[in-house]
Structure formats: structure tokens, C-alpha cells
Amino acid sequence: MANRQGSKKTRIVRINPLQPEKKLIDEAAAVLREGGTVAFPTETVYGLGANALDPAAVRGIFAAKGRPADNPLIAHLASRKTLGELVGEVPPPVEERLNLLIDRFWPGPLTLILPRKPVVPDVVTGGLETVAVRMPDHPVALALIAAAGVPVAAPSANTSGRPSPTTADHVAADLDGKVDMIIDGGPTGVGVESTVLDLTTQVPTLLRPGGVTYEELKALLGGVDLDQGLLSQGLLSQGLLSRAHNDHKDEGHFRPRSPGMKYTHYAPRARVILVEGPDVEAIARAVAGVAQKLVGAGQRVGIMATYESEAFYRRRFAGERAGIAPEPVIRSAGTRQDSGTIAATLFKLLREFDTSGVDVIIAEGIPATGLGFAVMNRLRKAASEIVEATSLS
Ligand code: TXA
Ligand code: MG
């Protein structure tokens, strides 16, 4: 790919995701130890890594992404033993929760917010007294971190504000010429980022829904609060989440606790309209109506459908082919029977709609349960407009 804005020569290396080649991992680890930036696959999305203990190296991440300096990074670990290098003492109840969570979910898509030790640079924590830590469940990520011998600070490897990358091609599209190395380890599995859970609050607080579900956390821990930013997204009206308690909330305190949450996120270039509703029939009717209007106004429209609704749109818009208006680009994100399939393709689809040149993407909402909570959180952040579909009955 042409080196347009960047000044670096980015080396792109393919590594076997099941059995990472030791020689290649060692080369990538050397880049990290020398203060460079390396994009690598994790089980969630690709990350852009640098030595977490080297402030100059970490600044390289912010520069490459165009990321605001007050948005802290996750320190990635290859073993549980290294946790104590970064994390300070915690009271016994927190220690107990920490052990439960690590036993159950590490390595895996769960990031924990804990008190930091002074060794963690301010540039990693955004000046906070806490640090975010996680152990990714991916052979390449684990081998790379272990070989580097240092914790690896890594945000998602996208230009700030864009959808997170789930392939090395996505990373290259955003960061070629801006980072030292991109490891291509194939597509990632989960497709949405890790769950971020704050363990420093009296009741653990969910800051970002992700690969480990809210339901799983509640089942293991008992009480889990939702951050104000999630509560104000209004996803609570949907079934399971209505039982969320927030007894300990500090009234009138709307400052997002996870600093990243106040920025526009996950946005493709096209405008996103999200359609929510009681059932797939009502949603699909509303999506088709909105699409019809925009097509009529000469807009290039993309429809993010689901397996259950795709055929309906194809029939509905088959007639456009004969007419003058361009037909909508229709893509299924996965099946409503398994929100994990939708999580896995969400970011890829958003990028593909951009590549196909649509002006507007109309996305179907899904129930905010299981991985659907993470999907709806990302879609709501990407959307400039949310339409509420009502059923006919
Ligand atoms: O799955 C993932 O988590 C991916 C892969 C690469 O590991 N990483 C990722 O990083 O999504 P990033 O930087 O895009 O998102 C990290 C989130 C941000 O919302 C940030 O504000 C929050 O974690 N965060 C980091 N440190 C924090 C802290 N000390 N307190 C509260 N929130 C924090
Ligand atoms: Mg990110």
C-alpha cells in the first residue's frame, strides 16, 4: 500500500495464528523493546502495541492513532504472575473478586481496572491512579508479550474514532506508514473489544460491555453496577438490562469514568442510522421505509440486515434494479439467534460499507443481551440518529 501521510516504513509480517513462528515473534518483540510500535492480533480486535513502561514508545501509539492524550490504554500481560508489577495492593474483598475473575476469564476478553503502581507511566493511565490490565487469549499476542518481556500497552489498532480493526488489512488501511510493524495473524474471533470492569468501586462497575458478557459477570460476582455512560445510552429499556441496579450512583455525576467513552467512536465515514424496535418485523419495515426515502432522495444506501431479514429487503428492493435510483447495498451481519455472529462481523461490515461508497448505513438494532449489549453499545456510539420502530398491532 502506498505510503501516503506516514513517514515510517511499515513492515507487514504474516505469522501463523495457531503456531506463531518463534523467529518472527522474536523480531517483533525486538521492535517493542527498542521503543517501536507493533500492531498484533488478539482474540477481540487488533491492538497497536508499545512497551508500557517506556513513555516515549507509548507516545508513538497516540501519534499514530491521533488519539487524545487523556484516553488511557490497556496494559496487556502474558501471565498472571506479572500483574503485581503494575498493580498496587487491594483490600481483601477486591482481591477475592480479582482471583475469581482471573481464574474464570483470563486469558480472555476481560479488562480489569485496578490501582496502579508508580512504575506505570502517566501516559498509559492518562494521569489516573488506576491502570487497565488484561491477558489476551491469542497465541500471537501471548507469544509476543512474553518474548518482549515487558507489559504491552495497546489500544485498538485503528485511527482514533474509526471502527476497530478485525483484520490486518483494516490496520494497514489506517496505520500503514505510521507504525513500525503490522503482524498479520488472520481475522480476529470475538470481533468487539474486551469488557472493561472497574474493580476499584465498592460494587464492581461495568465501564464497557464486550467479549465477556454482563450476565456472566453478574453470575460470578453477584452485584455489578453499570457506568453512568452506559445507563444514559438507554439500553436498559430492553428486557434483561432493566434489572440493573445503580444504588451506589453518585447523583449528578455524569463525568464518564472511562475517559474513552466521551469521544465519538466506531464511526465509519458514512452516516449511521440505527433502527430499534420490539421485533424484527417492525424493525425491518422501518428500515425499508427509511431506505426507500433516502434512495428516493438520491442517496447511496447500505442496509445492515440480519439473516432473518435479508431476504425481505432483497425482495422489497428488487424493483429498484429496473429504475433509475441505485439499489441499496444489503449485507447480513449474522443471525439474531446468536449475537456472537453479529459481534464478529460488525466492524468489518461498517468498513465494507465505506469501501462500497454508500452515503448512509441503516443498521438493525438487536436485543441488548449477551454479546448484543456490546454490539448495541458500539452501534449507538456510531449512530448519528436512532429511529424507534413501532409494531403495527
Ligand atoms: O479488546 C480490547 O480491549 C482491545 C485489544 C487490543 O486488547 N483494546 C482496546 O483498547 O479496545 P482501547 O484503547 O481501544 O480501549 C480501552 C478502553 C478505553 O475506553 C479507555 O478509556 C478504557 O479502556 N481505560 C483504559 N484505562 C482505563 C482506566 N485506568 N480507567 C478507566 N478506563 C480505562
Ligand atoms: Mg479503541
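Residues numbered from 1 in each chain as written. Chains lettered and ligands numbered in written order. Predicted model: local features only at pLDDT ≥ 70, side-chain atom pairs only at ≥ 80, totals over all residues. Heavy atoms only, no water.

A look at the overall build of the protein
If you tally the helices and strands in the protein, you get 13 helices and 16 strands. Relative to its 393 residues, the protein shows a buried fraction of 56%. Long-range contacts, defined here as pairs at least 24 residues apart, represent 72% of the contacts in the protein between residues at least 6 apart. Total accessible area computed for the protein in this model is approximately 16400 Å², and 53% of it derives from carbon and sulfur atoms. (Helix = DSSP H or I, 4+ residues; strand = E, 2+ residues; numbered from the N terminus. Buried < 20%, exposed > 50% of the residue type's maximum accessible area, 1.4 Å probe, protein only. Contact = heavy atoms within 4.5 Å. Areas by Shrake-Rupley, 256 points an atom, 1.4 Å probe, with all protein chains shown as cover.)

Some thoughts on the pairing of strand S3 (residues 47-51)
Among the five residues in S3, five count as buried, and that is most of the element. In terms of strand pairing, strand S2 (residues 38-40) meets S3 through three bridges, oriented antiparallel. If you follow Val38 over to S3, its bridge partner there is Gly49. A loop of six residues connects S2 with S3, the two strands running antiparallel in sequence. Note: S3 against strand S7 (residues 152-153), two bridges, orientation antiparallel. Following the sheet pairing, Asn51 is matched in S7 by Val152. (Pairing = 2+ DSSP bridges.)

Some thoughts on the packing of helix H12 (residues 339-355) against helix H13 (residues 371-382)
Put simply, H12 and H13 touch, their axes get as near as 8 Å, and they point 30° apart. For the pair H12 and H13, the sense of crossing is left-handed. Contacts between H12 and H13 involve Ser339, Gly340, Ile342, Ala343, Leu346 and Phe347 from the first element and Leu371, Gly372, Val375, Arg378 and Leu379 from the second. Of the residues belonging to the contact of H12 with H13, the class tally is seven nonpolar, three polar and one charged. (Axes fitted to C-alpha atoms, helices over the stretch in contact; angles between N-to-C directions. Left-handed = near helix turned anticlockwise from the far one by under 90°. Nonpolar A, V, L, I, M, F, W, Y, C, P; charged D, E, K, R; others polar.)

Notes on helix H4 (residues 92-105)
The terminal C-alpha atoms of H4 lie 20 Å apart, and with 14 residues this matches the ideal 20 Å at 1.5 Å per residue to within 8%. Buried residues along H4 sit against helix H3 (83-86), strand S5 (110-115), strand S9 (195-198) and helix H8 (214-221). (Expected span 1.5 Å × (residues − 1).)

Side note on the site of ligand 1
Looking at ligand 1, there are 27 residues lining it, with Thr44, Arg67, Asn71, His76 and Ser194 nearest. With respect to ligand 1, the side chain of Arg67 contributes an N or O atom lying 2.8 Å from an oxygen atom. Between ligand 1 and the protein, one listed contact pairs an oxygen atom with a side-chain N or O atom of His76 at 2.6 Å. Protein chains bury 97% of the 680 Å² of accessible surface belonging to ligand 1 in isolation. Taken together, the elements giving at least two residues each to the shell around ligand 1 come down to strand S4 (74-76), strand S6 (130-134) and strand S10 (205-208). (Near = heavy atom within 4 Å. Polar contact = N/O pair within 3.5 Å; in protein donor to acceptor, adjacent residues only side chain to side chain.)

What about the packing of aromatic side chains?
Applying the stated rule across the entire model yields two aromatic pairs. Over the ring of Phe317 we find Arg316; its NZ or CZ atom is 5.5 Å from the centre of that ring. (Phe/Tyr/Trp six-rings, centres within 6.5 Å; stacked < 30°, edge-to-face > 60°. Lys NZ or Arg CZ within 6 Å of the ring centre and 35° of its normal.)

Some points on H8
Among all positions of H8, only Tyr214, Leu217, Lys218 and Leu221 are buried. Summarising the axial view, the buried residues of H8 lie within an arc of 100°, below the 170-degree limit, and thus occupy one face. Close packing links the buried residues of H8 with H4, S5, S9, S10, strand S11 (225-226) and H13. In the segment just after H8, Gly222 is the residue with positive phi, at about 85°. (Arc of directions from axis to C-beta.)

Considerations on the environment of Thr44
Within the fold, Thr44 resides in the loop between S2 and S3. Separated by 148 residues in sequence, Thr44 and Val192 have C-alpha atoms that sit 5.5 Å apart. Not counting the four nearest positions on each side in its chain, Thr44 is found in contact with Pro109, Arg134, Thr188, Val190, Gly191, Val192, Glu193 and Ser194. Within the structure, Thr44 has its side chain in polar contact with the side chain of Arg134 (distance 3.2 Å).

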